[in-house]
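Architecture and fold: a report
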Amino acid sequence: MKLLYSNILPLGTDDDQQTIVSSFEEQLAEADRVEIAVGYVSRASLDELDELIKKHDISKVCLNIGMYYIEGMPEGSFHTALKLNKKWQDSGIGEIRIVRSFKYHGKVYCFYKNDVPFAAIIGSANLGVLKLEATNRRQYELSSITTDAAECQEISDFIVRLKQPN
């Protein structure tokens, strides 16, 4: 396990510390598939994820969003999620799912190569960490990354269970 940080003053990163965003991009550059399960998203973070998926030529993506079914989702995020879901499904690379059976507030990002999970980011960072905006510019997040095969498989198995209809 290695800690990943936000770079927000007064707790900016030291030279030996890696940010959550840079680690996410580093893992994405090695991956051909990514599975994400978060509580919240923003319109900007959805657009940024789509750009990163394209940039790194990811062939499979599934985004699970867990906190909106009961309270409702902001309209801009909802329409962006619908647009991306259609785009990803039409191109055969993936989908966006909403957890409906309970409030899912976890945050996990699992990266795969040839269907084998090789890294996972776990922690407090919702998808909004990918794109800073006025609403999250001063929000500090702390996560960790694991490359332990058993831990990555356990996280992968969890995401599979989360996606099952209840």
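Above this text is the structure in question.
These lines cover the structure that appears in this document, whether it is placed above or below.

Conventions used here
- Residues numbered from 1 in each chain as written.
- Predicted model: local features only at pLDDT ≥ 70, side-chain atom pairs only at ≥ 80, totals over all residues.
- Heavy atoms only, no water.
- Helix = DSSP H or I, 4+ residues; strand = E, 2+ residues; numbered from the N terminus.
- Rg over C-alpha atoms; globule rule 2.2 N^0.38 Å.
- Buried < 20%, exposed > 50% of the residue type's maximum accessible area, 1.4 Å probe, protein only.
- Contact = heavy atoms within 4.5 Å.
- Areas by Shrake-Rupley, 256 points an atom, 1.4 Å probe, with all protein chains shown as cover.
- Lys, Arg positive; Asp, Glu negative; His and termini not counted.
- Charge placed at Lys NZ, Arg CZ, Asp CG, Glu CD.
- Expected span 1.5 Å × (residues − 1).
- Arc of directions from axis to C-beta.
- Polar contact = N/O pair within 3.5 Å; in protein donor to acceptor, adjacent residues only side chain to side chain.
- Phe/Tyr/Trp six-rings, centres within 6.5 Å; stacked < 30°, edge-to-face > 60°.

**Overview of the overall build of the protein**
Tallying secondary structure elements over the protein gives 4 helices and 8 strands in all. Ordered by position from N to C terminus, the α and β elements of the protein give β-β-α-β-α-β-α-β-β-β-β-α. The C-alpha atoms of the protein give 15 Å as radius of gyration, which agrees with the globular expectation for 166 residues (15 Å, within 12%). Out of the 166 residues in the protein, the part that is buried amounts to 46%. Sequence-distant contacts, at least 24 apart, represent 75% of the contacts inside the protein between residues at least 6 apart. When the accessible surface of the protein is summed, it comes to about 8900 Å², and 51% of that surface belongs to carbon and sulfur atoms. Here the protein carries 19 positive and 24 negative side-chain charges, and the mean point of each set is 7 Å from the other.

**So, helix α4 (residues 149-163)**
Taking 1.5 Å per residue as the helical rise, α4 with its 15 residues ought to reach 21 Å, and the 21 Å between its terminal C-alpha atoms agrees with that figure. Burial in α4 covers these residues: C152, I155, S156, I159 and L162. Each buried residue of α4 sits inside an arc of 120 degrees when the element is viewed along its axis, so together they form one side. Among the exposed residues of α4, those pointing more than 90 degrees away from its buried face are A149, A150, E154 and R161. Two or three places before A150, at the opening of α4, D148 has a side-chain oxygen 3.2 Å from that residue's backbone nitrogen.

**Considering the side chain of T80**
In this structure, T80 sits in helix α3 (residues 75-91). For T80, the contacting residues outside a window of four places in its chain are R43, L46 and D47.

**Examining the packing of aromatic side chains**
According to the stated counting rule, one finds 4 aromatic pairs in the structure shown. A ring pair is formed by F24 and Y109, whose centres lie 5.7 Å apart and whose planes are at 80 degrees; its orientation type is edge-to-face. Taken as a pair, F24 in helix α1 (residues 20-30) and Y109 in strand β6 (residues 108-113) lie far apart in primary sequence, 85 residues in all. Note on accessibility: F24 and Y109 belong to one class, buried. Ring geometry for Y104 against F158: centres 5.9 Å apart, planes inclined by 35 degrees, an arrangement best described as tilted. Of this pair, Y104 sits in the loop between β5 (94-98) and β6 while F158 is found in helix α4, placing the two residues 54 residues apart along the sequence. Judged by its relative accessible area of 6%, Y104 is buried. Among the aromatic residues, those joined into a ring-pair cluster are F24, Y109 and F111.

Without other data, these values stay purely geometric and don't point to any function.
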